[in-house]
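The lines below spell out each chain.
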Amino acid sequence: MALASTKATALALRKETTEGTLLLPSAATDFIPIQPDVSITPNIESLSNEEIRNSIGTSKPIQGLESPEASFSLYLKHSGVEGQAPNYGELLEACWGSTSVQATERTLTSSSTTTLLKLAAGGSDYARGKAVLIKDGTNGYSIRPVHSVSSNDLTLGFAVSVAPLTGVTCGKFVNYTPANSLHPSISVVRYNGAGHSIDAMAGGKVTEMGLEASAGELINASYSLVGTKYFFDPIEITSSNDDMDFNDGSDKNCSVAQKIYKTPHELASALQTAMNAVSSGITVSYSNTTGKFTIAKASGTLNLEWNTGTNTATTIGTKLGFSVAADDTGALSYLADNAQSYVAPYTVSYDAADPLIAKSNEVFLGDATDNVNFCAQSISFTFSNENTQVLCVGAETGVDANFFSGRSVTISITGRLDQYDANLINKYVNNSDCRLLYNFGEKSGGNWVAGKSGCLYIPSCVVSSFAVTDLDGIVGVEIELTGFVDSNGNGEVYLNFL
C-alpha cells in the first residue's frame, strides 16, 4: 500500500468557459495555498428501490442526482501588487458575481473635503462600493469606499480626518460587487499527496464565504461550493490524442470522444466500445493496483500500431501509458509501459504577499461621520448565496447547472463598549440604517501599504441583535448586523483590494 502525506496536496481553481465542463490547470498560477481542511466529496443521491422480490429484504438502491461539494479555507491576503487580483480572485468573483480592476491612478484637484473627493478626471471609473487608497500621509493613506458618484466627485462612505490636497492620488483597486445573476462557475482540482491521486469538481458555485478576524490572529476565510460533476483520477482526451490504430488481421482504426473522462475506468470502457465497434472480442481494462491499462483480445490477432498506423500523430497510446516509439506486436495482451501519473503538472506559484493579521486594522460603524476606530475584538462575516439546481433528464448527472436565487449578508462583532456610547443600541431599537467599513492590511510608517491592503464595505445594514457582555473584565458589546439592498436596489456588500 502506497501512503502519501496530505501536506503535499495542491489545489487548483479555474474559471470555467462552459459551466460544468471541467478545466484542468493550465499554468502554475492556477494553484492556491490551501489549509488542511480542504474537502471534495461526490454526494450522489441514493434512491430507494421499492421493487418487491419475493423477500422482506430491500432491493438494490439506485444512484440519483450527483451534487458534489467542496470546501476549504484560505488566509486573507492581497496579491502583493497594486491593481492586481490575488491568485484566488476567480473564487471571489464566483462568490460576488462581478469584478473590476482600476489600473489607472486618479488624481485629486482642488476643493476636496473630508467627505467628498474631487478628481481631476476619471470619475466614471468609480461606482458605489469601489474604494480608494488616498495617498495622503496626513491621513495615513486612508482607505475609504465610494458611496456615490457625480461626474468626477466621489462621495465617501466614511469621512477622512483631514481634507486631502490637490495632487494627491487615489491608488488602484480590485473590486468585487454583488451581482443578481450570471455568477461564473469554477473547476476545483486537487492533487493529493504529490502524485497519489486526483479528485476534482466541475460547475462549482460558491454558496458561502465566511471571514473570521480576531485581534492578533491571521485573518481566515472559508469557502463552500456546490458543483455538477465529480471526477477521480480524470484523464483528458483531446483532438491530439484520441485515435487508436490496431490490426486484428487487417488494419483498423477508431477514436474515443474528446472530453475529460471522470475515471480511468470510464476511459477504458469507452476505448473498448470504440475498438469493438470495428472489431470484436477486445477488452480494455485499468488496474487499480498498478495504475496501468491493458488491451487484450481473447483469440486471433492483435497488434497495436502506435508507430505505423494511419493516426500516429494523434495516437491515444501515450495517454494510456504505452511507449509509442514502436508498435506492440506478437501477443494478444499488452500491458502499458507506464502507470498513470497523478502529479500536479506545474510547480505551483503563489502570490508573494504574506497572510494578513488582524492588528492595526480599522472598523468604522454607524454613519458617514462615525470615523473613529471601533475597538473590535473579533469580526465574523458571512456571505451566503441560496443555490437552486437546474434539473434535466438529459444531463449526465441529472443536474444541468446551479444558479443563485437569493443572497444574505451577516456580520457579528464583539468589541469594547465605550462609556456613554448609546449609538448602536439606539439604532437597534429604532431599526435605523447604519454602515460598516472594515479596513485590513499592512501598514508602514503609519500608512496603509498599496498592494497589501483592502476593505470590506457594507453601506446598508441594520443592527439585528445587541447585548452588553463581559470581555475579560471589560464591559463589552456583542452585535449582529444584517446587510440589505437599499430602496434603489444597490448591493449590500463590497470587497476591495488596494
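Above this text you will find the structure in question.
Residues numbered from 1 in each chain as written. Predicted model: local features only at pLDDT ≥ 70, side-chain atom pairs only at ≥ 80, totals over all residues. Heavy atoms only, no water.

Caption draft 1: A look at unusual backbone geometry. The phi angle at asparagine 54 is positive, at roughly 55°, despite the residue not being glycine. Tracing the sequence through the fold places asparagine 54 in the loop between strand S4 (44-47) and strand S5 (62-66). We note that leucine 182 has phi near 60°; this positive angle belongs to a residue other than glycine. The residue leucine 182 is located in the loop between strand S12 (173-178) and strand S13 (186-192) in this model. (Helix = DSSP H or I, 4+ residues; strand = E, 2+ residues; numbered from the N terminus.)

Caption draft 2: Spotlight on the pattern of salt bridges. This model, assessed by the stated rule, comprises 18 salt bridges. The salt bridge partner of arginine 106 is aspartate 125, with a shortest N-O separation of 2.6 Å. Taken together, the residues span a long stretch of sequence, with arginine 106 in the loop between strand S7 (97-102) and strand S8 (116-118) and aspartate 125 in the loop between S8 and strand S9 (131-134) at a distance of 19 residues. According to the relative accessible area criterion, aspartate 125 is buried, its value standing at 19%. (Salt bridge = Lys/Arg side-chain N within 4 Å of Asp/Glu carboxyl O. Buried < 20%, exposed > 50% of the residue type's maximum accessible area, 1.4 Å probe, protein only.)

Caption draft 3: Spotlight on the side chain of asparagine 175. Structurally, asparagine 175 can be placed in strand S12. One polar contact links the side chain of asparagine 175 to the main-chain carbonyl oxygen of glycine 129, over a distance of 3.3 Å. Apart from residues no more than four positions distant in its own chain, asparagine 175 is found in contact with Ser98, Thr99, Ser100, Gly129, Lys130, Tyr494, Leu495 and Asn496. (Polar contact = N/O pair within 3.5 Å; in protein donor to acceptor, adjacent residues only side chain to side chain. Contact = heavy atoms within 4.5 Å.)

Caption draft 4: Quick peek at the packing of aromatic side chains. Scanning the entire structure with this criterion turns up 12 aromatic pairs. Ring geometry for phenylalanine 158 versus phenylalanine 364: centroids 5.9 Å apart, planes at 45°, classification tilted. Of this pair, phenylalanine 158 sits in the loop between strand S11 (153-156) and S12 while phenylalanine 364 sits in strand S25 (residues 362-366), and the two are 206 residues apart along the sequence. Looking at phenylalanine 158, the relative accessible area reads 0%, which means it is buried. Aromatic pair tyrosine 176 and phenylalanine 497: ring centres 6.3 Å apart, planes at 85°, arrangement edge-to-face. (Phe/Tyr/Trp six-rings, centres within 6.5 Å; stacked < 30°, edge-to-face > 60°.)

Caption draft 5: Fine view of helix H2 (residues 264-276). For H2, with 13 residues, the first-to-last C-alpha span of 18 Å sits near the 18 Å given by 1.5 Å per residue. All buried positions along H2 are accounted for by Pro264, Leu267, Ala268, Leu271, Ala274 and Met275. For H2, the arc enclosing every buried residue in end-on projection is 130°, short of the 170-degree limit, so these residues lie on one face. (Expected span 1.5 Å × (residues − 1). Arc of directions from axis to C-beta.)

Caption draft 6: Representation of the sheet that holds strand S21 (residues 282-286). Spatially, 3 strands are ordered S21-S22-S24 in an open sheet, and the strand pairing comes out antiparallel. Of all strands in the sheet, those with a lone pairing partner are S21 and strand S24 (333-335), marking the two edges. The sheet shows a mean angle of 10° between the axes of neighbouring strands, direction not considered. Bridging between S21 and strand S22 (residues 293-297) involves 5 bridges; their strand directions are antiparallel. (Pairing = 2+ DSSP bridges. Axes fitted to C-alpha atoms, helices over the stretch in contact; angles between N-to-C directions.)

Caption draft 7: Region of the structure containing a nonpolar patch on the surface. Side chains of Tyr75, Leu218 and Ile357 sit close together on the surface and give an oily, nonpolar patch of about 210 Å² of accessible area. If you trace the backbone, tyrosine 75 turns up in strand S6 (residues 69-75). Classification of tyrosine 75 by relative accessible area gives partly exposed; the value is 32%. (Patch = residues over 30% accessible without salt bridge, like charges linked within 9 Å, V, L, I, M, F, W, Y side chains within 5 Å. Areas by Shrake-Rupley, 256 points an atom, 1.4 Å probe, with all protein chains shown as cover.)

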